[in-house]
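Topology and contacts: notes
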Amino acid sequence: MKRSRNKNKFALFFIATALVALGIYLIFAFERPLRELLKAQMGGLGSKANTIVNVLQLVFLGVLAYLIVRALNTMVFGLVRFRRGFEAPTLVRNIFSIIAFTVLFFLIFTSIFPDANLGALFTTSAIFGVILGLALQDTLGNFFAGISLQADRPFQVGDVITVGVQRHSGVVEEITWRAVKIRTFQNHVVLISNSTAAKEPIEVCPRDNLNARLVFFNTLFTDSPAKTIHVVREAVREADNVTQKIAPIVRIRNLGDSGVEYEVKYWLDDYAKYNDTDALVRQRIWYAFRRANLNFAYPTRSLLVERKPKPGRDGDGGAIVERLGAVDIFAPLSSEETEMLAQAATSHVFAPGETVIRAGDPGSSMFVVHKGRVTVQVSENGRPRTVATLSDGAFFGEMALFTGEPRTANVVALEETEVLEIGHAAMKRVFDTNPDLVESLSHIIAERRQGLVASEDPSTRSEDSSAGILSSIRRFFGLS
Ligand code: CMP
């Protein structure tokens, strides 16, 4: 379709050029007889006859100049499109044509009318210019604003822009001498005059840039943030048109009335398709929620009739007894004693990166890792050194609890971690019925102390310190 239209255009162009060339040939070949004929016809008005012939020549040459400029325009900007791969803006093409035509016309005019007083012509045209300028104030305003937009190049064809307080948004299709033409996402065409575009704020999302979008969602307060963030990030990064170059970011933006409010920030390969991609991202989140058993929050008013559980306990009593029973230092305890310890234990959940224990703080409880992982770190020359990584079933915080000294290291959650805290009173009850426990604990503490002080010689220090620790635990807990 486009090709046949182009063919027609070419044919028309060649016919017009041939006709004009023929006209020019005839007018110059028969110049003399024509002048004679006109002179004879007009009697005494010989100079007028000359002017008529000259004006005819000027008109024909002017039309030829116009056709040449059109051909040049097509060639030059066709080459630009071929080399650079994009269409030059209409405004630039028009300015090129106007300048080229003015120069050619000026040359033709001076060669046909060598005696014409151009100064006088310009003076009259200046007056005309003022009159025209006033009449075409808006049009000229748009024209010059268009030129400044071209010089500035704040956006190009193919970019997505949002203009002004009315927030017209769409893909730039054309920048003409009068207006910027954008195609909205409802497939409407909006024309924004150049002078408006030059005055209003414009938000530009360039075509060859990784532009980002935010999509919002929420979950119930009971759904774990660490799990939600992981599940949503994995679901979104696979979606079409979400770029592989930058991983999406999922973060909490608010703890709202109905639930935890999140935002997903993702980058698009093709920003012009952001409506579809936003929708796809929401769809992926829905399915991911379904698979991972996560729940969207919605405005609710629930009446909860609650039987108050023990503070800090999650009602998961059986699992806690099982967990404590599997901790090696509690292996000698009877099942009743383990049950009693579980009753006394308090559960706490820490987010990845949160500090459970800070070195130097006083401490009167120890912890068992129920679910997750923690790292034990000491500060060495102002830098953290990892001493150990502890996971499900390991314990920490016993040193301060059993010796009464300040905490010896930082313990930080590596992932979402649930710990069970056991206090001084509960441990004292355990020691009263299991005095041998103190000895095995003192060995563990001695070993861990050596891990903290890397420079000490382990072979010599272990026995001494474990004996010392044993007596200090006995003293601290008032054991015989
Ligand atoms: P506490 O000193 O109360 O607080 C920091 C805890 O880090 C400490 O008790 C131990 O439970 C733990 N800890 C210290 N050093 C080590 C180690 N070398 N290996 C494992 N855990 C340790």
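Now for a quick tour of the structure. In this text, all values refer to a predicted model and were calculated from it rather than measured experimentally. (Residues numbered from 1 in each chain as written. Predicted model: local features only at pLDDT ≥ 70, side-chain atom pairs only at ≥ 80, totals over all residues. Heavy atoms only, no water.)

Ranked by size, the top nonpolar core spans 47 residues in total, and within it F330, F396, F402, I422, M427 and F431 carry the most contacts. With six residues, helix α14 (residues 437-452) is the single largest residue contributor to this core. Every residue in contact with F330, bar those within four places of it in the chain, is listed here: L324, L341, M366, V368, I422 and M427. In terms of nonpolar packing, the next biggest core, distinct from the first, is built from 24 residues, V264, V281, I285 and F289 among them. (Core = buried A, V, L, I, M, F, W, Y, C linked by side-chain atoms within 4.5 Å. Buried < 20%, exposed > 50% of the residue type's maximum accessible area, 1.4 Å probe, protein only. Helix = DSSP H or I, 4+ residues; strand = E, 2+ residues; numbered from the N terminus. Contact = heavy atoms within 4.5 Å.)

In the region of the ligand, 16 residues are neighbours, and G397, E398, A400, R407 and T408 sit closest. At 2.7 Å, a backbone N or O of G397 approaches an oxygen atom of the ligand. Bound to the protein, the ligand loses 96% of the 450 Å² it would expose on its own. Taking a 2 Å distance to the grid points as the criterion, the majority of the atoms of the ligand fall inside the second largest pocket. (Near = heavy atom within 4 Å. Polar contact = N/O pair within 3.5 Å; in protein donor to acceptor, adjacent residues only side chain to side chain. Areas by Shrake-Rupley, 256 points an atom, 1.4 Å probe, with all protein chains shown as cover. 1 Å grid on protein atoms, 1.4 Å probe; cavity = no way out; pocket = protein on both sides within 12 Å on 5 of 7 lines; lining within 4 Å. Sits in = over half its atoms within 2 Å of the grid points.)

As a further point, take a nonpolar patch on the surface. On the surface, I15, L19, L22, Y25, L26 and F30 cluster together into a nonpolar patch covering about 640 Å² of accessible area. Turning to its location among the elements, L22 is positioned in helix α1 (residues 2-29). (Patch = residues over 30% accessible without salt bridge, like charges linked within 9 Å, V, L, I, M, F, W, Y side chains within 5 Å. Salt bridge = Lys/Arg side-chain N within 4 Å of Asp/Glu carboxyl O.)

On to helix α13 (residues 424-433). Of the residues making up α13, those classed as buried are A426, M427, V430 and F431. On an axial view of α13, the arc spanned by its buried residues comes to 135 degrees, and they lie on one face. Exposed side of α13, more than 90 degrees from the buried face: A425 and T433 are the residues found there. (Arc of directions from axis to C-beta.)

Turning to the packing of helix α4 (residues 90-112) against helix α6 (residues 137-152), a few remarks are in order. Two elements in contact, α4 and α6, have axes whose closest approach is 10 Å; the angle formed by their N-to-C orientations is 110 degrees. Considered as vectors, α4 and α6 are oriented roughly perpendicular to each other. Handedness of the α4/α6 crossing: left-handed. Listed contacts from α6 to L91, V92 and I95 of α4 are F143, G146, I147 and Q150. When its residues are assigned to classes, the contact of α4 with α6 shows five nonpolar, two polar and no charged. (Axes fitted to C-alpha atoms, helices over the stretch in contact; angles between N-to-C directions. Parallel < 35°, antiparallel > 145°, perpendicular 65-115°, else oblique. Left-handed = near helix turned anticlockwise from the far one by under 90°. Nonpolar A, V, L, I, M, F, W, Y, C, P; charged D, E, K, R; others polar.)

This next bit is on helix α8 (residues 225-237). In this model, α8 (13 residues) spans 18 Å end to end at C-alpha, consistent with the 18 Å of a helix rising 1.5 Å per residue. Tucked inside the fold, the buried residues of α8 contact β6 (211-219), β7 (249-255), β8 (260-268) and α9 (274-292). Sitting at the head of α8, S224 places a side-chain oxygen 3.4 Å from the backbone nitrogen of A226. (Expected span 1.5 Å × (residues − 1).)

By themselves, these figures tell us nothing about what the structure is for.
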